[in-house]
Structures are given as structure tokens and as C-alpha cells.
Amino acid sequence: DAKTTQPNSMESNEEEPVHLPCNHSTISGTDYIHWYRQLPSQGPEYVIHGLTSNVNNRMASLAIAEDRKSSTLILHRATLRDAAVYYCIPSEYGNKLVFGAGTILRVKS
Amino acid sequence: DAGVTQSPTHLIKTRGQHVTLRCSPISGHKSVSWYQQVLGQGPQFIFQYYEKEERGRGNFPDRFSARQFPNYSSELNVNALLLGDSALYLCASSRGIGGTYEQYFGPGTRLTVT
């Protein structure tokens, strides 16, 4: 399993963009990069995933470095409901997701 | 469409007892995975099933077992409960297996072992 490094916590102001970084230097060539988040007292929620190209969906954007050793999850306008733990997870085989400690995102109003 | 459902929501068991947790995947999803989340930690992978076959197993003792039924629902069984088994048990479903598929998680079953 690829090891990941994420900041323990980050803080953002409401309505501002947030860039959540993740280093995954040991990622294999076939690992997809998944991002999930977990709000308090809820199960994890899928956010976005990608392989090589940058990806956009209604929730966020994912920017993947050219060498794939790092990625950045971008929330374009943070809201209070985005306060959660964000997990970056390289995933290849099956759906075995290996959750690390993640980044606690705090959003200030 | 209904999301992943799990039952029961909460339960309390005594050490040494057995417990069965149930999961219904999203319609059309053929893979179910189980995770254990101890308070303050990220979820830990327990099992993955796809088309009724076990396709992955995490580092959990043999007291943990699971199965998937023809309708793709799944059960997680834990025998000889220990205090350390107290956790949130999460079920996730996906259309298939492989890194290209996202998983959708249920709300979890909170198990307390006394």
C-alpha cells in the first residue's frame, strides 16, 4: 500500500477556496488517487478520484502532479458543511481503502 | 435512490457473545466491503466481497467472518466478542472492484461490548 502524508489540520474561512495537499511518493503506476471525507458522526463520503489527469466534479477538483507523487484536493468555496476529516487514499487492488489519519479541515464563519 | 443501509444502528453486547451486522448495498452495486472504525482513528478494512466471493481480507482475527448473498446484501459476524471490538462498523458498496470504482458508505453500526 502506498504511504500518504497529509497535514494534521487546516483552517479556512467560509466562502474561500481550500487546497488540501497529499504526498504519495510510493504510489504505483496503476493506483488511482481517491479522496474521501468524513463528517462528524457519519460514515465516509466519496469526494473525487483520478489517475493522471486533473478531475472536476460538483464537489471538488483534484489536481494531480505530473509525476503522480502528490495531489491536491481543491474546494472552490468552503462552507461550514465542508468541515470534516479529509482522507487521500491511493487505491489499486479491489476496493481496499487504507485510511490514514487524514486532514482535519476547520471552516470559520 | 436509497443509499447503503445498515442494521442495527446501535447494539450492546457482552464479552464472549456473538453479533451479526447487516448491510444492503445500493441497487446495482455488486461489491460490499466492511470496515471497523475505532474512536479517534480512520476506518480499517476488514473484508471485501464481490459477486458473493471474498476478494480481500484485512488483518483481523478469524473471529471475524462475512458473507454476501445472491441479492448482494452482506452480513458481518463476530464471535467471542472482546471489549476491543467496540467500534463503528461501516459497510460500503461499489459497482465493481478495482481502483476506478468509488465506494459509498452506510451510516454504520455502533457496537458496544461490555
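Refer to the structure printed above.
The structure presented is a predicted model; accordingly, all values stated were derived computationally and were not measured. (Residues numbered from 1 in each chain as written. Chains lettered and ligands numbered in written order. Predicted model: local features only at pLDDT ≥ 70, side-chain atom pairs only at ≥ 80, totals over all residues. Heavy atoms only, no water.)

### Here's the deal with the overall build of chain B
From N to C terminus, chain B includes 0 helices and 11 strands. In chain B, the order of α-helices and β-strands from amino to carboxyl end is β-β-β-β-β-β-β-β-β-β-β. In terms of overall dimensions, chain B is globule-like: its C-alpha atoms have a radius of gyration of 13 Å, near the 13 Å expected for 114 residues. Considering only C-alpha atoms, chain B reaches an extent of 40 × 30 × 25 Å along its principal axes. Looking at chain B as a whole, 50% of its 114 residues are labelled buried. (Helix = DSSP H or I, 4+ residues; strand = E, 2+ residues; numbered from the N terminus. Rg over C-alpha atoms; globule rule 2.2 N^0.38 Å. Buried < 20%, exposed > 50% of the residue type's maximum accessible area, 1.4 Å probe, protein only.)

### Comments concerning the state of the cysteines
Each disulfide consists of one covalent bond between the sulfur atoms belonging to two cysteines. Per the counting criterion, the structure on display carries 2 disulfides over all chains. Disulfide pairing places Cys22(A) opposite Cys88(A) at an S-S distance of 2.1 Å. Between Cys22(A) and Cys88(A) the disulfide shows an S-S torsion of about -80°. By sign, it is left-handed. Taken together, the residues Cys22(A) in strand S2 (residues 18-23) and Cys88(A) in strand S8 (residues 84-91) connect sequence positions 66 residues apart. The disulfide partner of Cys23(B) is Cys91(B), and the S-S distance across this bridge is 1.8 Å. Its S-S torsion of approximately -60° makes the covalent link between Cys23(B) and Cys91(B) left-handed. With Cys23(B) in strand S3 (residues 19-24) and Cys91(B) in strand S9 (residues 87-94), the pair connects residues that are 68 residues apart, well separated along the chain. Each of the two residues, Cys23(B) as well as Cys91(B), counts as buried. (Disulfide = S-S within 2.5 Å.)

### Topic: unusual backbone geometry
All names here are of chain B. Cis geometry marks the peptide bond from Ser-7 to Pro-8, where omega comes out at -10°. Turning to its location among the elements, Pro-8 is positioned in the loop between strand S1 (5-7) and strand S2 (10-13). Backbone geometry places Glu-51, a non-glycine residue, at a positive phi of 50°. Inspection of the secondary structure puts Glu-51 in the loop between strand S5 (44-50) and strand S6 (53-57).

### Considering the layout of surface pockets
Put simply, the largest pocket is a space of about 460 Å³. Gln38(A), Ser41(A), Gln37(B), Gly40(B) and Gln41(B) are, among the 24 residues lining the largest pocket, the residues nearest its centre. Elements that contribute at least two residues to the lining of the largest pocket include exactly S8 of chain A together with strand S11 (109-113) of chain B. Examining the composition of the lining of the largest pocket, we find that 3 residues originate from one element, S8(A), more than from any other. By residue class, the composition of the lining of the largest pocket is 11 nonpolar, 12 polar and 1 charged. (1 Å grid on protein atoms, 1.4 Å probe; cavity = no way out; pocket = protein on both sides within 12 Å on 5 of 7 lines; lining within 4 Å. Points joined across faces, edges and corners; volume = space filled by probe spheres on them. Nonpolar A, V, L, I, M, F, W, Y, C, P; charged D, E, K, R; others polar.)

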